[in-house]
Amino acid sequence: MAGRVKNAKVFFLTGAIWMLVFCTGCMANSTQLADGFDENELKKASQQIVDQINENDYDAFLEFAGDEMKELISQEKFENEVVGYANSKGAFQSYGKQAVIGQKYEKTGEDCGVVVMAAEYEDGTIQYTISFTKDMKLNGLWLK
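Can you explain the overall build of the protein chain? Please cite residues and give values.
Secondary structure summary: the protein chain contains five helices and four strands in total. Of the regular secondary structure in the protein chain, the N- to C-terminal order runs α-α-α-α-α-β-β-β-β. Burial status across the protein chain gives 42% buried among its 144 residues. A separation of at least 24 residues holds for 62% of the contacts in the protein chain among residues at least 6 apart in sequence. By element, 50% of the accessible surface of the protein chain is carried by carbon and sulfur atoms, the whole surface being about 7900 Å².

Next up, the structure:
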């Protein structure tokens, strides 16, 4: 019972933080992918982000992160909430379905490329929503 309560708290906190983080990313209505984005490059970069989470590689994660994202995600949050949530699903197994869409960054009107992808783990699936700017900087991340 205590384990369930702890898992529920971790899940809630992770969800709340990632909702905040994702709110800083692309949040306008879905559109076609804007010129200048490459669907395959977005998918590959998203898989690298998931790999960095699975490997608890904060330094590599920061190399992709835009300035806002760097400010929002400390190493402690990355390890305890993001990696912790991924670890709660067991060992990574494979990537599932992926969809790529375009959105506008609400604050600036800048085009973003967004990948929604499933990642299969031993004990369940995580849906990652990952957004990038045209210069391929991570500016939104949400795990569900």
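Outline the pairing of strand 3 (residues 124–132), supporting the account with residue identities and numerical values.
In this structure, strand 2 (residues 111–121) lies alongside strand 3, joined through nine bridges in antiparallel fashion. Bridging from a neighbouring strand, methionine 117 pairs with tyrosine 128 of strand 3. Connecting strand 2 to the next strand, strand 3, in antiparallel fashion are two residues. In this structure, strand 3 lies alongside strand 4 (residues 138–143), joined through five bridges in antiparallel fashion. Looking at the pairing, serine 131 lines up with glycine 140 of strand 4. What sits between the antiparallel neighbours strand 3 and strand 4 is a turn of five residues, in which methionine 136 has the positive phi angle 60°.

Please provide a residue-by-residue account of the pattern of salt bridges, values included.
Side-chain pairs of opposite charge can arise where the charged atoms are in close proximity. Under the definition given, this model contains four salt bridges. In this structure, the salt-bridge partner of lysine 107 is glutamate 68, at a minimum N-O distance of 2.9 Å. One end of the pair, lysine 107, is in the loop between strand 1 (92–104) and strand 2; the other, glutamate 68, is in helix 4 (residues 67–72), and 39 residues separate them in sequence. The exposed category is assigned to lysine 107, whose relative accessible area is 61%.

Conventions adopted
- Residues numbered from 1 in each chain as written.
- Predicted model: local features only at pLDDT ≥ 70, side-chain atom pairs only at ≥ 80, totals over all residues.
- Heavy atoms only, no water.
- Helix = DSSP H or I, 4+ residues; strand = E, 2+ residues; numbered from the N terminus.
- Buried < 20%, exposed > 50% of the residue type's maximum accessible area, 1.4 Å probe, protein only.
- Contact = heavy atoms within 4.5 Å.
- Areas by Shrake-Rupley, 256 points an atom, 1.4 Å probe, with all protein chains shown as cover.
- Pairing = 2+ DSSP bridges.
- Salt bridge = Lys/Arg side-chain N within 4 Å of Asp/Glu carboxyl O.

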